[in-house]
Amino acid sequence: MNAILGIEGVSKSYGKVAAARELALTAEPGELVTVIGPSGCGKSTLLRLVAGLDRPDAGTIRIEDEEVAGPRSWVQPERRRVGLVFQDHALFPHLDVTRNIAFGLDRLPRAERRARVDEVLAIARLGELAGRYPHELSGGEQQRVALARALAPRPAVVLLDEPFSSLDETLRAQVRADTIAVIRATGTTAMLVTHDQTEALSVGDRVVVMHRGRIEQADTPVSVFERPSTRFVASFMGDAAFLPAHVHDALLTCEIGVVSTVPGWGHVDVDVDVVLRPHEVALTASDDGIGVVAAVEYHGAFVLHSVRLPSDRVIQSWQPHSVRHPVGTRVAVSVVPGVTPTLLVGDETVTKPPS
Ligand code: ADP
């Protein structure tokens, strides 16, 4: 199957700021791609380039089989078959829900337009709100209208820029579930920008992690979390301790002791850093343990323990809610059996022994 969206070698600078550097990315039909990274890393720039609100300095962008931006091509935003949903919804305040949704359908004959609006109202469960104006809607309802308006012209791809960040915590989960359900039900290819790691991992078929204008990794949620390709991705996608470690005779050791075996690393003797996430770290109270509990955070179902090691580095461990080692307790620290931790040399992950 051909990709719906194809981005190749795309760069964009604003003055001296390189906001997008040689981006390469594809989205398959029906795929939901989440884009995440710290503020200023280029997420919005990527969306703006795809939407045609900005023109790349280099590279090409294809939507379906058409090149929409490139050295010798340029398709105007309104002709790109791209739907846009912004954080602030950007509904037309003087139009009711029906007319907001009908707005992008002016090229359709009246009867077809009416039918399409009704269809989209039903998909987004907005039928009862059809005659209301934006100020008569809750934040979540406005979000549904914004999505319905974006989907009405049957875009090839819908781009969502932090669509849930203006909603409060309780509303957010519900609106997110509704939005994803509508995108899935219509089979629409989508790219969603977020700054929320859990959101990126839980809703994306593929997660794109950006840093300083570059894509550091574009991969399945599981790969991004469990097999990060760089130090940045490992540190950005969830909490982790980075401990200096050593591989010798295929055995990985660090200050907590033996971490694991590293099959295939029998012939090397190298320094690495090992990445350990809180769910990979086990604790046992022990008078001759290596660590001392420095902080205990109760999260309800789980309790996060921060443990100070002899090097003064701190490692974290999730414990079940019934386990609470008080601050000051001496604990033995180990790695949960079966874990294959990420190893870094410099800023890059290594899966094979360095030569
Ligand atoms: P993000 O969405 O990840 O927060 P942006 O794509 O908005 O990041 O911005 C990437 C970088 O480009 C930032 O350093 C930002 O300040 C800069 N930038 C974005 N738009 C403009 C613009 N129109 N003019 C100048 N600099 C810009």
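Reading the values: rules and limits
- Counting starts from 1 at the beginning of each chain's written sequence and moves along it residue by residue.
- Local features in a predicted model are, by the rule used here, given only for residues with pLDDT of at least 70; side-chain atom pairs are given and counted only at 80 or more, and totals for whole chains, interfaces and linings are based on all residues.
- Excluding hydrogens and water, the side-chain values take into account all heavy atoms of the structure.
- Under the scheme used here, helices are H or I runs from DSSP no shorter than 4 residues and strands are E runs no shorter than 2 residues, and both carry numbers assigned from the N terminus.
- In this description, contact between two residues means that some pair of their heavy atoms is separated by no more than 4.5 Å.
- Between any two strands, at least two bridges found by DSSP are needed for them to pair.
- Here, proximity means that at least one heavy atom of the residue falls within 4 Å of the molecule or strand.
- Between N or O atoms, a polar contact is any pair within 3.5 Å; within protein, one atom must be a potential hydrogen donor and the other a potential acceptor, and residues adjacent in sequence are included only when both atoms are from side chains.
- Only the protein chains shown count as cover for residues, and all accessible areas are computed by the Shrake-Rupley method using a 1.4 Å probe.
- All residues other than Ala, Val, Leu, Ile, Met, Phe, Trp, Tyr, Cys, Pro, Asp, Glu, Lys and Arg, Gly among them, are scored as polar; the first ten of these are nonpolar and the last four charged.
- Throughout the structure description, domain borders are defined by an automatic or database domain assignment.
- Here's the idea: put two parts together, see how much 1.4 Å probe accessible area each one loses, and the total over both is what we call buried area.
- Between Lys or Arg on one side and Asp or Glu on the other, a salt bridge is scored when a side-chain nitrogen of the former is within 4 Å of a carboxyl oxygen of the latter.
- Only protein chains enter the accessibility calculation, which uses a 1.4 Å probe. A residue is then buried if its area is under 20% of the maximum for its type, exposed if over 50%, and partly exposed in between.

(A) Main features of the side chain of T342. Mapped onto the elements of the fold, T342 is located in strand β21 (residues 342-345). With near-sequence residues (within four places) excluded, T342 lies in contact with E226, P228, D273, V274, V275 and T349.

(B) Examining the pairing of β21 more closely. In this structure, strand β15 (residues 269-276) lies alongside β21, joined through three bridges in antiparallel fashion. By the bridge assignment, V275 is partnered in β21 with T342. Sheet topology note: the β21/strand β22 (residues 348-349) ladder contains two bridges and is antiparallel. Paired with L344 across the strands is T349, a residue of β22. Taking the residues that link successive antiparallel strands as the turn, the β21-β22 hairpin has two residues, and the phi of G346 there is positive, at about 65°.

(C) Summary view of the site of the ligand. Lining the immediate surroundings of the ligand are Y14, V17, A19, P38, S39, G40, C41, G42, K43, S44 and T45. With respect to the ligand, the backbone of G40 contributes an N or O atom lying 2.7 Å from an oxygen atom. Interatomic distance of 2.8 Å between a side-chain N/O atom of S44 and an oxygen atom of the ligand. Protein contacts shield 57% of the accessible area of the ligand, which totals 570 Å² for the unbound molecule. Elements supplying a minimum of two residues to the shell around the ligand: β2 (17-27) and α1 (43-51). With three residues, α1 is the largest single contributor of residues to the shell around the ligand. A breakdown of the residues in the shell around the ligand according to their chemical character gives five nonpolar, five polar and one charged.

(D) Region of the structure containing the domain arrangement of the protein chain. Annotation of the protein chain at the domain level lists domain 1 (5-236) and domain 2 (241-349). Relative to domain 2, the C-alpha centre of domain 1 lies at a distance of 38 Å. Each partner contributes to the interface: domain 1 provides eight residues, whereas domain 2 provides eleven residues. Summed over both sides, the interface of domain 1 with domain 2 buries roughly 830 Å², with 45% coming from carbon and sulfur. Looking at the side of domain 1 facing domain 2, the largest losses of area belong to F225, R231 and A234, adding up to 64% of the total buried there. A salt bridge links R231 to D273; the shortest N-O distance between them is 2.6 Å. Connecting domain 1 to domain 2 are seven residue pairs in polar contact (both at pLDDT 80 or more).

(E) Expanded view of the pattern of salt bridges. For the coordinates displayed, the defined rule picks out 18 salt bridges. When the shortest N-O distance is used, the salt bridge between E199 and R172 registers 3.2 Å. One end of the pair, E199, is in helix α6 (residues 197-203); the other, R172, is in helix α5 (residues 169-186), and 27 residues separate them in sequence. The pair E199 / R172 is uniform in exposure class, with both members buried. Three or more residues are tied together by salt bridges with common partners; here these are R172, R176, D196 and E199.

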